[in-house]
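Listed below, chain by chain, are the residues.
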Protein chains: 2
Amino acid sequence: MFSFTLQHTSEEARVGEFSTPHGTVHTPIFMPVGTQGTVKALDPTDVESTHAEIILGNTYHLYLRPGMEVMESAGGLHSFMGWDKPILTDSGGFQVLSLGASMAKHSAPLSKITEEGVEFTSHLDGSRHFFSPEKAIEIQRQLGSDIMMVFDECTPDKATSSYAKEALDRTHRWAQACYDYWQEHERRSVYGKYQALFGIVQGAMHKDLRRLSAETIAGIGFDGIAIGGETVGFNMEGTIELMDWIRELLPKDKPRYAMGLGRDPDDLIRAVRAGFDMFDCIAPTRFARNGTLYVGHLTGTSPKTWEFESEFHAGRLQIGNARWAKDHTPIMEDCDCWTCSQGFTKAYLRHLFNTKELLYYRLASIHNVRFMLRLTEQLRASVLAAQ
Amino acid sequence: MFSFTLQHTSEEARVGEFSTPHGTVHTPIFMPVGTQGTVKALDPTDVESTHAEIILGNTYHLYLRPGMEVMESAGGLHSFMGWDKPILTDSGGFQVLSLGASMAKHSAPLSKITEEGVEFTSHLDGSRHFFSPEKAIEIQRQLGSDIMMVFDECTPDKATSSYAKEALDRTHRWAQACYDYWQEHERRSVYGKYQALFGIVQGAMHKDLRRLSAETIAGIGFDGIAIGGETVGFNMEGTIELMDWIRELLPKDKPRYAMGLGRDPDDLIRAVRAGFDMFDCIAPTRFARNGTLYVGHLTGTSPKTWEFESEFHAGRLQIGNARWAKDHTPIMEDCDCWTCSQGFTKAYLRHLFNTKELLYYRLASIHNVRFMLRLTEQLRASVLAAQ
């Protein structure tokens, strides 16, 4: 079974934990993204060294490659990739629409949404595929993740109010269909282990739709509630606004997951302050690969006074800068990530980055992922220490 | 000081060890190549996990990037890259000629050889540089390697006999100039540590020139003797032939290094059988990145009976092959490399390779490098056990 325990709150910020068949997760938590069965550039022991307690896998990508036949023969994603801690999988809903829409170079029509689901084009070879709510859950059962997400439509913010309402009603019917399919299969993966299922609140930037969605999703009985949408994690003003719209409608005893949020350290601080518990984002690893390394510290002793302080704009150091050519010190003196604690220097990292050496990508990714996880650990400790 | 101890021989095959300021190296030994201050895709602890006792650094590449100013400010290459075991550096002689010749896209003229040295074009930005024998040693003194190589000209096999003789005479004068510069600086790096210097036997595929070169280089008084040339390690028939031409002229109490040799497992077996002690090659890591993984075993109990057995041609498994899609076993069941012993499977490696995930390059490189080092360990044990 999946159980979430809320241990402490301070203002709206929450500290809790939940258990899964692959272990316990302490919230607030940042979840590194392992799109194709690997957190980019990192091996499972690297990921563990960042103190990650749960990682993400992407249903759309894993369904296309290596495919479900390979995945089932491996006994699921944990075993395939050698990660025995919790895994959360998305439903593919976001990718079948967003990647479908970027496939104009292929002759096939773009993604097509019907009541039954989404017909979409593989971004790899242009082949056509179809995901229904049931199919999306079935694939996640084959992946054997600890937390599954419902199949939904992430409606663009620029959609008309009437389209947004139509899409939201369909997304709610799909959420119910996912729930029913999950119940039919006794909430278990094809390997017999319990899988949690989270609902997703959509509704773009319409307050009435967001509140309707929060009530509807909260009413179905999922193990946790997520918020999705273009704005979430991308536009933090809008993200905090919509968190404020719906917070009172969310059950207190279930984890709250802001999907795709965690680009900047400050984003995590703001989202935890707004009462959310789980976050994922590709930015820490993508930034790392592009030469952007996080540097800075949490200050303040309560949610109201929390701030992110850094000598760099948004906490982003550019490692390719000539300024670091002879800087033989770690990225951050007091960072406990493997890269910093092994003594790799900014001068060396800059050299590896400028020469495009493969080692760079791993060392930089370890730092950025650990940075985000350490920040959530500090937020957690701060909430626990606060009245 | 540098000292080589020959511990045992069996037929022509030799077992020995030498000591350097950064530790002892047991021969025969394979030396992974760390061109730009990193063995591609591996961190220093990965390299240690392959049981590498010494790695290579490339003078030409490190001179261009990060440059000697950065290198000296770091305290040398060991400290810059975080590797505290022995390092051998080449002289740049090979690259200033071979990379210069591939620079036709730049408007600057190609490399120009004079009695004083080689004027060459950076493959990075087309800028012009000049290496003399003294400069090549000085750069290696700034790198602080444990073994330096003399500056030489690697004459193409297709050069006329008269050009080959002219080039060889110059290479011998350069070898003496390197030796003299080394003596002037008390055989020490700019950091005060002892550096060995190895001479290089050239002479293309001319028996008389190779023998002349072996006698000349052996007479100068280097700490070790290398053989260079287009053929070495590339054409193994020719390599063994020229080893046979010169072996009797080489001092028995100095290590013999075949430069660039170690593409196929069988190459190492043949070169050890022919009485050589040290080998380096980029192939194990380059093959790995291209999807070629070594599989196979040494059989036989004495140099005469040694053979490399593998179910794959030349011991090369192609990991991208569909055959491995559902093969959930390690690359080699009895391999003790980190990748195999952690349980990463062929199916997973194939997936990572086909999706071009960065993790693949590291896992595959660890296997191939460890494979070559384990093979030299087995050859060593076999020589020690033989009468």
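Definitions and cut-offs
Residues numbered from 1 in each chain as written. Chains lettered and ligands numbered in written order. Predicted model: local features only at pLDDT ≥ 70, side-chain atom pairs only at ≥ 80, totals over all residues. Helix = DSSP H or I, 4+ residues; strand = E, 2+ residues; numbered from the N terminus. Rg over C-alpha atoms; globule rule 2.2 N^0.38 Å. Buried ≥ 20, exposed ≤ 12 C-beta atoms within 10 Å, placed from the backbone. Contact = placed C-beta atoms within 7 Å. Pairing = 2+ DSSP bridges. Axes fitted to C-alpha atoms, helices over the stretch in contact; angles between N-to-C directions. Least-squares fit on C-alpha atoms with pLDDT ≥ 70 in both. pLDDT = per-residue confidence, 0-100. Nonpolar A, V, L, I, M, F, W, Y, C, P; charged D, E, K, R; others polar. Parallel < 35°, antiparallel > 145°, perpendicular 65-115°, else oblique. Left-handed = near helix turned anticlockwise from the far one by under 90°. Right-handed = clockwise from strand over helix to strand, strands pointing away.

Brief notes about the overall build of chain A
Looking only at helices and strands, one finds 14 helices and 18 strands in chain A. The C-alpha radius of gyration computed for chain A amounts to 20 Å, which stays within 12% of the reference 21 Å derived for 387 residues, consistent with globular compactness. Split into buried and exposed, the 387 residues of chain A put 57% on the buried side. Sequence-distant contacts, at least 24 apart, represent 68% of the contacts inside chain A between residues at least 6 apart.

Some points on the sheet that holds strand 5 (residues 55-57) of chain A
All names here are of chain A. Judged by pairing direction, the sheet is parallel, and its 8 strands sit side by side in the order 4-14-13-12-11-10-6-5 without closing on themselves. Here the strands that pair on one side only, and so sit at the sheet edges, are strand 4 (29-31) and strand 5. Adjacent strand axes in the sheet meet at a mean angle of 25 degrees, parallel and antiparallel pairs treated alike. Sheet analysis places strand 5 next to strand 6 (residues 87-89), joined by 3 bridges and oriented parallel. From the neighbouring strand, Gly57 faces strand 6, where its bridge partner is Thr89. Lying over the sheet, helix 8 (residues 207-220) contacts strand 11 (196-201) and strand 12 (224-227), oriented at roughly 165 degrees with respect to strand 11.

So, the relation of the copies chain B and chain A
For the match of chain B to chain A, the screw axis carries a shift of 0.0 Å, the RMSD comes to 0.0 Å, and the turn is 180 degrees. Look at the turn and shift together and you get a two-fold axis relating the two. Every residue of chain B has its C-alpha some distance from the rotation axis, and the shortest such distance is that of Leu358(B), at 3.7 Å.

Section: the confidence of the model for chain A
A low pLDDT means the predicted coordinates there should not be read in detail. Residues and elements named next belong to chain A. Per-residue pLDDT for chain A averages 96, and the proportion of residues at 70 or more is 97%. This stretch, residues 103-108, has a pLDDT under 50; its non-local contacts, to residues over four places away or in other chains, come to 8 contacts. The ipTM value of the predicted complex is 0.97, and its pTM value is 0.97.

With respect to the sheet that holds strand 1 (residues 3-10) of chain B
Strand pairing in a sheet is mediated by backbone hydrogen bonds. Such pairs are either parallel or antiparallel. Residue and element names in this part refer to chain B. Strands sit in the order 1-2-3 across an open sheet of 3 strands; the sheet is antiparallel. This sheet does not close on itself; its edge strands, each paired only once, are strand 1 and strand 3 (23-27). Neighbour-to-neighbour, the strand axes of this sheet turn through a mean angle of 10 degrees, independent of strand direction. The pairing of strand 2 (residues 13-20) with strand 3 spans 5 bridges and is classified as antiparallel. Looking at strand 3, one finds that Ser19 is bridged to Thr24. Those strands touched by helix 14 (residues 358-385) are strand 1, strand 2 and strand 3, and its axis lies near 115 degrees from that of strand 2.

Brief notes about helix 10 (residues 265-273) of chain A
Residues and elements named next belong to chain A. Judged by how many residues are buried, helix 10 sits mostly within the fold: 8 of 9 residues are covered. Three or more residues of helix 10 are buried, namely Pro265, Asp267, Leu268, Ile269, Arg270, Ala271, Val272 and Arg273. Gly275, located one to two residues past helix 10, shows a positive phi value of around 95 degrees.

Details of unusual backbone geometry
Trans is the common state for peptide bonds, and a negative phi is the common state for residues other than glycine. Residue and element names in this part refer to chain A. In this structure, Pro28 follows Thr27 across a cis peptide bond, with omega equal to 0 degrees. As for its placement among the helices and strands, Pro28 is situated in the loop between strand 3 (23-27) and strand 4. For Ala204, which is not glycine, the phi dihedral falls at a positive 50 degrees. By secondary structure assignment, the location of Ala204 is in the loop between strand 11 and helix 8. C-beta crowding within 10 Å serves as the criterion here: with 25 such atoms nearby, Ala204 is assigned to the buried category.

Observations concerning the interface of chain B and chain A
On the side of chain A, 32 residues touch chain B, which itself brings 32 residues to the contact. Among the secondary structure elements, those contributing two or more residues to the side of chain B that touches chain A are helix 3 (68-74), helix 4 (77-81), helix 13 (346-354) and helix 14 of chain B. At 5 residues, helix 13 of chain B tops the list of elements feeding residues into the side of chain B that touches chain A. Looking at the side of chain B that touches chain A residue by residue, the class counts come to 15 nonpolar, 11 polar and 6 charged.

Describing the packing of helix 13 of chain B against helix 14 of chain B
When two helices pack together, you describe them by how their axes are tilted relative to each other and by the distance separating the axes. All names here are of chain B. With their axes 7 Å apart at the nearest point, helix 13 and helix 14 run at an angle of 130 degrees to one another. In terms of orientation, helix 13 lies oblique with respect to helix 14. Considering the relative orientation of helix 13 and helix 14, their crossing is left-handed. Across the interface between the two elements, Leu349, Leu352 and Phe353 of helix 13 pack against Leu359, Tyr360, Leu363 and Ala364 of helix 14. Looking at side-chain class alone, the contact of helix 13 with helix 14 contains 7 nonpolar, no polar and no charged residues.

Notes on the pairing of strand 13 (residues 224-227) of chain B
All names here are of chain B. Taking every second residue as pointing to the same face, both faces of strand 13 are buried, with Gly224 and Ala226 on one and Ile225 and Ile227 on the other. Bridge count for strand 12 (residues 196-201) against strand 13 is 4 bridges, and the pairing is parallel. Pairing of Val201 across the sheet is with Ile227, part of strand 13. For the crossover that starts at strand 12, traverses helix 8 (residues 207-220) and ends in the parallel strand 13, the hand is right-handed. In this sheet, strand 14 (residues 256-258) lies alongside strand 13 in parallel orientation, the contact comprising 3 bridges. Bridging from a neighbouring strand, Ile227 pairs with Ala258 of strand 14.

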